[in-house]
Amino acid sequence: MVSLPDKPALHTYTHSLRSRYSETDKMGYVYYGRYLEYFEAARTEMIRELGIPYRKMEEEGILLPVVHAELAYKSPVHYDEVMRIRVMIYEPPMVRLETFYEVTTEDPSRPHVLGRVTLAFSNAETRRPCRVPSEFLQKLKV
């Protein structure tokens, strides 16, 4: 079961996104598989906000593939609702970057979805895990 750690986050970023008609199922709910895409969008924008666009990391030979993902669905998000996708990092990354997510709409105290995604910093040439770039840690202020 996914739950958020019971301590202050090292870094938090919130990304807003409106659910689109093409992302909903016949019941008018956001299709469950879309949440990983939303997490990716929020995570990419968080990294950009840190001043290290993902594209720059790739150009420098660093990839960040997902190695584990889990989600807990609490209640559906409906078509045309504005979601706030909060990304949180609780521990400084070494080789793995563990990110947590909380999707809310109008009532931020009632999450619709919780998630945890673990990524591994990897060398683009060898495809082997590598240490987090020092610039990434500096931007996180760890």
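Conventions we followed
Residues numbered from 1 in each chain as written. Predicted model: local features only at pLDDT ≥ 70, side-chain atom pairs only at ≥ 80, totals over all residues. Heavy atoms only, no water. Helix = DSSP H or I, 4+ residues; strand = E, 2+ residues; numbered from the N terminus. Rg over C-alpha atoms; globule rule 2.2 N^0.38 Å. Buried < 20%, exposed > 50% of the residue type's maximum accessible area, 1.4 Å probe, protein only. Contact = heavy atoms within 4.5 Å. Areas by Shrake-Rupley, 256 points an atom, 1.4 Å probe, with all protein chains shown as cover. Lys, Arg positive; Asp, Glu negative; His and termini not counted. Charge placed at Lys NZ, Arg CZ, Asp CG, Glu CD. Expected span 1.5 Å × (residues − 1). Pairing = 2+ DSSP bridges. Axes fitted to C-alpha atoms, helices over the stretch in contact; angles between N-to-C directions. Salt bridge = Lys/Arg side-chain N within 4 Å of Asp/Glu carboxyl O.

Asks: Is there a simple way to think about the overall build of the chain in this case?
Replies: Of the regular secondary structure elements, the chain holds 3 helices and 7 strands. Against the compact-globule benchmark of 14 Å for 142 residues, the chain has a radius of gyration of 16 Å, which places it among compact chains. When the backbone C-alpha atoms are referred to their principal axes, the chain occupies close to 45 × 30 × 25 Å. Within the chain, the proportion of its 142 residues that are buried is 38%. Partitioning the contacts of the chain with sequence separation of at least 6, the portion at a separation of at least 24 is 69%. When the accessible area of the chain is evaluated, it comes to approximately 8200 Å², of which 50% is carbon and sulfur surface. Here the chain holds 20 positive side-chain charges and 20 negative ones, and the gap between their average locations is 2 Å.

Asks: Even after reading the chapter, I still don't get helix 1 (residues 34–49), so can you show me in this structure?
Replies: Residues separated by three or four positions in an α-helix point in the same direction, a consequence of the helix having 3.6 residues per turn. Taking 1.5 Å as the rise per residue, helix 1 with 16 residues should run 22 Å; its terminal C-alpha atoms sit 23 Å apart, in good agreement. Turning to helix 1, its buried residues number three or more, namely Y35, Y38, F39, A42, R43, M46 and I47. Looking one or two places after helix 1, you find G51, whose phi comes out positive at around 95 degrees.

Asks: Where do I start with the pairing of strand 4 (residues 82–89) in this structure?
Replies: Every regular strand shows the same layout, with side chains that alternate between the two sheet faces. Bridge count for strand 1 (residues 11–18) against strand 4 is 8 bridges, and the pairing is antiparallel. Its bridge partner lying in strand 4, S16 is registered against R84. Sheet analysis places strand 4 next to strand 5 (residues 96–104), joined by 6 bridges and oriented antiparallel. For M88, the partnering residue across the bridge sits in strand 5 and is F100.

Asks: In this structure, what is going on with the sheet that holds strand 4? I would like to understand it.
Replies: Across a sheet, paired strands are connected by hydrogen bonds in the backbone, their directions being either parallel or antiparallel. Spatially, the 5 strands line up as an open sheet ordered 1-4-5-6-3, and their pairing is antiparallel. Among the strands making up the open sheet, the edge pair consists of strand 1 and strand 3 (66–73). The average undirected angle you get between the axes of adjacent strands in this sheet is 20 degrees. Set on the sheet, helix 1 makes contact with strand 1, strand 3, strand 4, strand 5 and strand 6 (113–120); between it and strand 1 the angle comes to about 125 degrees.

Asks: So what exactly am I meant to see when it comes to the pattern of salt bridges here?
Replies: Under the criterion given, the structure shown has 10 salt bridges. Its salt-bridge partner being R116, residue E70 comes within 2.7 Å of it at the nearest N-O pair. With a gap of 46 residues between them, E70 in strand 3 and R116 in strand 6 connect regions that are remote in the sequence. Residue classification places E70 among the partly exposed positions, given a relative accessible area of 21%. E102 is the salt-bridge partner of R86, the closest N and O atoms lying 2.6 Å from each other. A residue pair is termed long-range when its members are at least 10 positions apart, and R86 in strand 4 and E102 in strand 5 qualify at 16 residues. Under the relative-accessibility criterion, R86 is labelled partly exposed at 28%. Members of the salt-bridge network, linked through shared partners, are K56, E60 and E135.

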